[in-house]
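Here's the letter readout for the chains.
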Amino acid sequence: PELAEKGLSSLFWNVEKPLVPVLARMEDRGMQIDKERARKVRETFVARAEVLKQEMVAEVGPFSPDSPVQVAGILYDTLGLKILGRTDSGAPTTAKWALERLAEDEPLVDKLLDYRMYTKLVSTYLDKWLSQSSDRIHPSFNQVSQHDEEDAEGATATGRLSSSGPNFQNVPYHTDAGQLVSACIVAAPGKILVSSDLSQIELVIAAIRSEETGFLDALWENLDIHRRTASRVFHVAPDDVTPFQRYIGKGINFSSIYGIRAPLLARRLKVTVSEAQMYLDEFHKAYPRFHEWWYDTAHEAERLGYATTMWGRRRYLPALVIAENKDEWYDGDKRADSMAVKGTVADMAKAILIGLDKAIPGVLVCQVHDAFLGEFDEGDGRKEEVSKVVVEIARQGWGKYAPLIKADKKEGRNWNELH
């Protein structure tokens, strides 16, 4: 009765329930690991982490970068950095979000973030893979969460599929280190990995839901949207955009639709905060509806107490309702906007998994965000049908905007070749 009352019956019966056996079959198939490559990558990461540790110790004296207590002492006592938040026990936080802000003013924090990245990749992925007797890893896929953030099993509040043992969805594929890890995931002998990716789907969904005509026009014309944004931000003709400017345009596109602020954008793009603020200002001038929709979405979530996806999935946001300052409201705002875009993509992805499993049975092994991964026999002609099935399902319910939703196909011997 509660599902019907909240308009969630269709989501449950048509998406979540039929997805259960699909995920079970994916878990059973598992994914192949190249253990020899994994050993070499592990050695590389351990060595890099040790170099970073010695450099930090040389700067501030002996401490363990693995100890939150000792890290807090170095950051807040030795270096005198501003305490941006506290843990539930009242201790100064050393969480990633705080370190990313502190890194803007203190180079040592950048090294600490890199150290954590390498050690986490080793402990979360490489060590677990190497400790198993089999070369085949069988992840557990986590379907739903009742919590605002990831729960103990890694299920997400937006409805996005995750996995544990380990969480393949959290491999940082956009980084050089993450690509070394993903290259350890390979096709079994005689098989090939095939991936179908929804093209820039979060940008497309954000443009549709915000009705940002400047962005939509570029998508309809099949223009390079990152070059288009760079052209507007830097006030140059599209043909005169440099590779660096396009890189900036791409970073702004994927960040600004979620209302990101200048300090974090500066870290992501490796530019100054003032430069990042200038880029954001120019982006909002070029695409004003994004900014307006961002706030409209947050205010609606504040009024209702929750944000929704296009499928009606809810994410309750009590922190947004009771926010006592701008920073707290902004954090809730980001969650509301993320639900509207990423949550909608997550629901779409689940529907696609169900359709793929039915249309091309026996091949699905994983899904990460907007990519669907199958393992085919090398001569299996069905691999040519993957993107067709993905697009057909993804376009359902989008009316006149359906043609904007597209997908491509990649093949490779390892997962990194698919990115």
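This text follows the structure it describes.
The helix and strand inventory of the protein stands at 17 helices and 11 strands. Taking 2.2 N^0.38 as the reference for a compact globule, 419 residues should give roughly 22 Å; the C-alpha atoms of the protein span a radius of gyration of 22 Å, in line with that estimate. Over its C-alpha atoms, taken along the principal directions, the protein stretches across nearly 60 × 55 × 55 Å. Burial statistics for the protein: of 419 residues in total, 50% are counted as buried. Once the 53 positive and 63 negative side-chain charges of the protein are each reduced to a mean point, those two points are 3 Å apart.

Together, Lys96, Lys120, Arg268 and Lys342 line one region of the surface with positive charge. Structurally, Lys120 is set in helix α6 (residues 107-131). Among the residues examined, Lys120 registers a relative accessible area of 56% and is labelled exposed.

One open sheet accounts for 4 strands, arranged β9-β10-β6-β11; its pairing is antiparallel. The strands lining the two open edges of the sheet, one partner per strand, are β9 (364-368) and β11 (407-412). In this sheet, adjacent strand axes meet at a mean angle of 20 degrees when their direction is disregarded. In terms of strand pairing, strand β6 (residues 191-198) meets strand β10 (residues 371-377) through 7 bridges, oriented antiparallel. Looking at β10, one finds that Ser196 is bridged to Phe372.

Counted under the stated rule, the structure contains 15 aromatic pairs. These aromatic residues form a ring-pair network of at least three members: Tyr125, Trp129, Phe168, Tyr173 and Trp415.

Rules behind the numbers
- Residues numbered from 1 in each chain as written.
- Predicted model: local features only at pLDDT ≥ 70, side-chain atom pairs only at ≥ 80, totals over all residues.
- Heavy atoms only, no water.
- Helix = DSSP H or I, 4+ residues; strand = E, 2+ residues; numbered from the N terminus.
- Rg over C-alpha atoms; globule rule 2.2 N^0.38 Å.
- Buried < 20%, exposed > 50% of the residue type's maximum accessible area, 1.4 Å probe, protein only.
- Lys, Arg positive; Asp, Glu negative; His and termini not counted.
- Charge placed at Lys NZ, Arg CZ, Asp CG, Glu CD.
- Patch = residues over 30% accessible without salt bridge, like charges linked within 9 Å, V, L, I, M, F, W, Y side chains within 5 Å.
- Areas by Shrake-Rupley, 256 points an atom, 1.4 Å probe, with all protein chains shown as cover.
- Salt bridge = Lys/Arg side-chain N within 4 Å of Asp/Glu carboxyl O.
- Pairing = 2+ DSSP bridges.
- Axes fitted to C-alpha atoms, helices over the stretch in contact; angles between N-to-C directions.
- Phe/Tyr/Trp six-rings, centres within 6.5 Å; stacked < 30°, edge-to-face > 60°.

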